[in-house]
Amino acid sequence: MRMFLVLMMGCGGVEEDDDDGGGLLLDTRDAPTMADCTEWLSESQADTIPHACSTEEYRSTLLATGGAVYPVGDGRYYTAWFPPDWDGQTVIYAVHGSSGCADMMSDLFAQASQGAYAVLSLQYRTAGDVDYDSAEILYDNLTELHNTVATHCPFESATGVYYGFSRGGGRAYEIGGIDAAGAGLFEAIVIDSGTTPLSQLTSWGDAALTDGRFWLWCGSRDIAPTDSSRTTCDVMREDMSPWITDHSGTLDALVEEAGGCHGIFFGDCDADCGNCRRRTAENLGESLPRMFDYIDGL
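Everything numeric in this text was worked out from a predicted model, so none of it was measured.

Re the pattern of salt bridges
Stage number 1. Per the stated rule, a full pass over the model turns up eleven salt bridges.
Stage number 2. Here D252 and R213 are joined by a salt bridge, their closest N and O atoms 2.8 Å apart. Pair noted here: D252 is in strand β10 (residues 250-257) and R213 is in strand β9 (residues 213-219), with a separation of 39 residues, a long-range link.
Stage number 3. The partly exposed category is assigned to R213, whose relative accessible area is 28%.
Stage number 4. Linking E256 and R237 is a salt bridge whose minimum nitrogen-to-oxygen distance equals 2.9 Å. Placement of the pair is E256 in strand β10 and R237 in helix α7 (residues 232-246), with a sequence separation of 19 residues.
Stage number 5. Several salt bridges share partner residues, and in doing so they unite D227, R230, D234, R237, E238, D239 and E256 into one network.

Right under this line is the structure:
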């Protein structure tokens, strides 16, 4: 498991190690418990932060199931949801697609996984805004929200997993490079239906993804948003997968679901990939169990 340091904020003394090698400052404050986490979640600022979803349902469900909303970065927000019996094992850092929202991603993960993971979901655009945050800004906000939540919730042994859908997945290739050189928040990066033009990835060195692990998914009928002459699976197989390995990353899997469309959480689509139905815990399809097994095995 990749370990990462968390800046422990708030009250509480520190003591200096008397060892000759010395200088190590140890935070003596007790690590937060789930009771602390639940209390913090109850202080949600949802009333002052409008959602950026197409429907009120996602925000309502989040709050009804004990989730919270807090500001982060410049005019952005994130949702935080923890299952009542969370064991402190896995945290999903979810980033939505072009027309999605943080509240939706939290709901998709929480419902389909039946509460297996804590879910921190970042909003990286505002409703109607055509501008999306860069990977650098996205990562800064992910780091900020991580450090905030870790002061209230028991993260000391948690495994962090980045999950990006569509445009959020397209950002994930650069996020992997930034994380490898930065805070090391993520044990693995899961990319769902996400691609990006290779012309936008030319600044990364050959070792940029060292120790980075990637798990990719695509639906065979999904047309690539960056190249309408190819499917998303074509681009992932021919462009993105080689880019990962050429930059010293590990490609743990590229799952190509036959008949699938845009998004691992959706299925039973019609002939032109419209009117897709949301996957549920009772109907996960063939790929969601594989993704959950991968996350559980990290």
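Anyway, onward from the coordinates.
Section: the sheet that holds strand β6 (residues 118-122)
Stage number 1. One open sheet accounts for eight strands, arranged β3-β4-β6-β5-β7-β8-β9-β10; its pairing is mixed. Edge positions in the sheet fall to β3 (68-72) and β10, since each of these pairs with one other strand and no more. Put simply, the sheet's adjacent strands are angled 20° from each other on average, direction ignored.
Stage number 2. With four bridges joining them, strand β8 (residues 188-192) and β9 adopt parallel strand pairing. Bridge pairing in β9 links I189 to F214.
Stage number 3. Strand contacts of helix α4 (residues 135-150): β3, β4 (76-81), β5 (90-95), β6 and β7 (159-165), with the helix running at about 140° to β6, the strand carrying the most contacts.

Observations concerning the pairing of β4
Along any regular strand the residues' side chains alternate between the sheet's two faces.
Stage number 1. With respect to burial, β4 is a largely interior element, six of its six residues being buried.
Stage number 2. Across the two faces of β4 the burial is the same, with R76, Y78 and A80 and Y77, T79 and W81 all buried.
Stage number 3. Across five bridges, the pairing between β3 and β4 is antiparallel. Of the residues in β4, the one forming a bridge with V69 is T79.
Stage number 4. Where β3 hands over to β4, the hairpin turn is made up of three residues, of which G73 adopts a positive phi near 60°.
Stage number 5. Pairing geometry for β4 and β6, over four bridges, is antiparallel.

Side note on the nonpolar core
Stage number 1. In terms of nonpolar packing, the biggest core is built from 52 residues, with Y78, F82, L120, F155, Y162, Y173 and F186 touching the most fellow members.
Stage number 2. Looking at this core element by element, the count peaks at seven residues for α4.
Stage number 3. Sequence-distant contacts of Y173, defined by excluding residues within four places in its chain, comprise I191, G194, T195, T196, L201, L209, L216, M236, M240, W243 and I244.
Stage number 4. Listed in part, the 39 residues of the second largest apolar core include Y77, M104, A253 and M291.

Things to note about unusual backbone geometry
For residues that are not glycine, phi is negative in most cases, and the peptide bond is trans in most cases.
Stage number 1. Phi at S248 is positive, roughly 70°, even though this residue is not glycine.
Stage number 2. Mapped onto the fold, S248 is located in the loop between α7 and β10.

Here's the deal with the state of the cysteines
Stage number 1. Inspection of every chain in the model, using the stated rule, returns five disulfides.
Stage number 2. A sulfur-sulfur separation of 2.1 Å characterises the disulfide bridge that pairs C37 with C153. Disulfide C37-C153: the torsion about the S-S bond is 75°, which places it as right-handed. Placement of C37 in helix α1 (residues 34-41) and of C153 in the loop between α4 and β7 is noted, with a sequence separation of 116 residues between them.
Stage number 3. Judged by relative accessible area, which is 0%, C37 ranks as buried.

As for the packing of helix α2 (residues 57-64) against helix α3 (residues 102-112)
Stage number 1. Two numbers describe how α2 lies on α3: the axes approach to 8 Å, and their chain directions differ by 55°. As far as their axial angle goes, α3 and α2 are oblique. Crossing angle aside, the handedness with which α2 passes α3 is left-handed. Contacts from Y58, R59, T61 and L62 in α2 reach D103, M104, S106, D107 and Q111 in α3.
Stage number 2. For the contact of α2 with α3, a count of residues per class yields three nonpolar, three polar and three charged.

Brief notes about the packing of aromatic side chains
Stage number 1. Scanning the model with the defined rule gives 17 aromatic pairs in all.
Stage number 2. Here the aromatic rings of W215 and Y294 are separated by 6.0 Å at their centres, their planes lie at 25°, and the arrangement is stacked. Of this pair, W215 sits in strand β9 while Y294 sits in helix α8 (residues 288-296), placing them 79 residues apart in sequence.
Stage number 3. When its relative accessible area of 12% is taken as the criterion, Y294 is described as buried.
Stage number 4. By the ring-pair criterion, three or more aromatic residues cluster together here, those being F109, Y117, Y163, F265 and F292.

Procedures and definitions
- Residues numbered from 1 in each chain as written.
- Predicted model: local features only at pLDDT ≥ 70, side-chain atom pairs only at ≥ 80, totals over all residues.
- Heavy atoms only, no water.
- Salt bridge = Lys/Arg side-chain N within 4 Å of Asp/Glu carboxyl O.
- Helix = DSSP H or I, 4+ residues; strand = E, 2+ residues; numbered from the N terminus.
- Buried < 20%, exposed > 50% of the residue type's maximum accessible area, 1.4 Å probe, protein only.
- Pairing = 2+ DSSP bridges.
- Axes fitted to C-alpha atoms, helices over the stretch in contact; angles between N-to-C directions.
- Contact = heavy atoms within 4.5 Å.
- Core = buried A, V, L, I, M, F, W, Y, C linked by side-chain atoms within 4.5 Å.
- Disulfide = S-S within 2.5 Å.
- Parallel < 35°, antiparallel > 145°, perpendicular 65-115°, else oblique.
- Left-handed = near helix turned anticlockwise from the far one by under 90°.
- Nonpolar A, V, L, I, M, F, W, Y, C, P; charged D, E, K, R; others polar.
- Phe/Tyr/Trp six-rings, centres within 6.5 Å; stacked < 30°, edge-to-face > 60°.

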